[in-house]
Amino acid sequence: MSTDKQIFARRESEARSYCRSFDTVFTKAVGSEMTAEDGTTYIDFLAGCSSLNYGHNDPDMKAALMNHVSADGIAHGLDMFTAEKAAWLEAYEDIILRPRGMDDYKIMMTGPTGTNAVEAAMKLARKITGRRNIVSFTNAFHGMTMGALSLTGNAGKRNGAGCGSLCGVTHMPYDGAFGDGVDTLKQVEMMLDNSSSGIDAPAAFIFEPIQGEGGLNAASKEWMEGVARLAKKHGAMLIVDDIQSGCGRSGTYFAFEGMDVEPDMITQAKSLSGFGLPFACLLVKKEHDIWKPAEHNGTFRGNTHAFVTGRVTLEKFWKTDEFQSKVQEKAVMLTTGLQAVADVVPGAKLKGRGMMQGVDVGSGDVAEAICAKCFEKGLIIETSGADDEVVKVLVALTVSPENLRKGLDILLEAAREVTENNKIAAE
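Residues numbered from 1 in each chain as written. Predicted model: local features only at pLDDT ≥ 70, side-chain atom pairs only at ≥ 80, totals over all residues. Heavy atoms only, no water.

Caption draft 1: View of a negative patch on the surface. Judged by side-chain charge, Asp365, Glu368, Asp387 and Asp388 come together as a negatively charged surface patch. When you line up the elements, Asp387 lands in the loop between β16 (382-384) and β17 (390-393). Classification of Asp387 by relative accessible area gives exposed; the value is 59%. (Patch = residues over 30% accessible without salt bridge, like charges linked within 9 Å, V, L, I, M, F, W, Y side chains within 5 Å. Areas by Shrake-Rupley, 256 points an atom, 1.4 Å probe, with all protein chains shown as cover. Salt bridge = Lys/Arg side-chain N within 4 Å of Asp/Glu carboxyl O. Lys, Arg positive; Asp, Glu negative; His and termini not counted. Charge placed at Lys NZ, Arg CZ, Asp CG, Glu CD. Helix = DSSP H or I, 4+ residues; strand = E, 2+ residues; numbered from the N terminus. Buried < 20%, exposed > 50% of the residue type's maximum accessible area, 1.4 Å probe, protein only.)

Right, here's the structure in full:
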């Protein structure tokens, strides 16, 4: 029996997007492969937009979740104490926080998605400082709810707010925004130090270490450390949005590891559950946890099923350095494969770092054509950037070297065909 796709057009909102690029009905997914209703199998270089860093249906997470459900375990507990929450908190404390010298953070369950974590961070920064203005950066993407959207740079996303007010934010240039020869950090500092710049004293600075939706712009160590210094200088909170670049995507668990950056708050979501289940939280320095009970709440704060799978994720992948080392090895493979793609597209260049890389092909039309050709050949991959000019790879960190190579070969073949077709059309 085949699904009548007309039901989607008939009843689903026009806001749907991914299905427009991948026009098939999926029925099964394992690891880094998705299977459609017609039996076609695709290599997945999207991984739920980095919500599936450990692939589809990890067997150990699946078994733990099935055991929890079959034993009538708690399905929804608001923010009550549960054994599953305690187990996840202990695992996160022992495996993630303490080994990284981060024992002075508390964990706030904010709601099911990344934008909820960002909203909580904004609200708390303003409460702590008594200030309104938040400094965000060009090409940023922090979420689609009104507060988080005010931090977001993309005009298309912002236009979705209609006449809604997107205020209380100053947008500054991200690292490299004006090219390699321009020190944007110096520009930001000059504006903030100028008492006649018109910029109100900031409550917070917020940035993504690697901008996912913004085009895989990766901030340098020096730039991130500089923003941290400016936040301290101006008495502002430093918020690191590690939603898409976190949970190992950058090559380390947090994308700012190894840098002299000590955020006041860190947003986490995407692959926090490890299984694609909604789960987001905000890490907050203990001295900043000034909430009163229920001052910031919501029905879905903490997902018990996500606690179950998230604990398995931590214990299976992050107890030792072995998984991280393998991720970093695959990142080298990814860089090599993407460089081959860049070499066949005139003017193309690599973007990003770790397992969050892509190729800027200079045109949204070219990037879209390459991704469409990839899908025809059995590869799911998307674009990003201000004009969708970057072909972005977000493959699962657990992808086999064979599937990684196979997917990169498809991408290279697609890029060659699109480039050749464009050359013939130009002639």
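So much for the structure itself; the text now carries on.
Caption draft 2: Main features of the nonpolar core. Tyr92, Phe137, Phe205, Ile370 and Leu411 are the most contacted members of the largest nonpolar core, which has 86 residues in total. A per-element tally of this core places helix α14 (residues 401-426) first, with 8 residues. Every residue in contact with Phe137, bar those within four places of it in the chain, is listed here: His171, Met172, Pro173, Tyr174, Val188, Phe205, Ile206, Phe207, Gln211, Trp223 and Val227. Within the second largest apolar cluster, 24 residues are counted, among which are Met122, Leu151, Ala203 and Ala269. (Core = buried A, V, L, I, M, F, W, Y, C linked by side-chain atoms within 4.5 Å. Contact = heavy atoms within 4.5 Å.)

Caption draft 3: Fine view of the packing of aromatic side chains. Using the criterion set out here, one finds 18 aromatic pairs in the structure. Taking 5.3 Å as the distance between ring centres and 90 degrees as the angle between the ring planes, the aromatic pair formed by Phe279 and Phe307 counts as edge-to-face. Of this pair, Phe279 sits in the loop between β11 (265-268) and β12 (280-285) while Phe307 sits in helix α11 (residues 304-317), and the two are 28 residues apart along the sequence. Using a relative accessible area of 1% as the deciding quantity, one classes Phe307 as buried. Members of the aromatic cluster, connected to one another through ring pairs, are Tyr54, Trp88, Tyr92, Tyr253, Phe254, Phe256, Phe279, Phe307, Phe317, Trp318 and Phe323. (Phe/Tyr/Trp six-rings, centres within 6.5 Å; stacked < 30°, edge-to-face > 60°.)

Caption draft 4: Seen up close, unusual backbone geometry. Phi at Cys49 is positive, roughly 55 degrees, even though this residue is not glycine. Counting through the fold element by element, Cys49 comes out in helix α3 (residues 47-50). Judged by its relative accessible area of 8%, Cys49 falls in the buried class. At Cys247, a position not held by glycine, the phi torsion is positive, near 55 degrees. As for its placement among the helices and strands, Cys247 is situated in the loop between β10 (237-241) and β11. On the accessibility criterion, Cys247 (2% relative accessible area) is buried.

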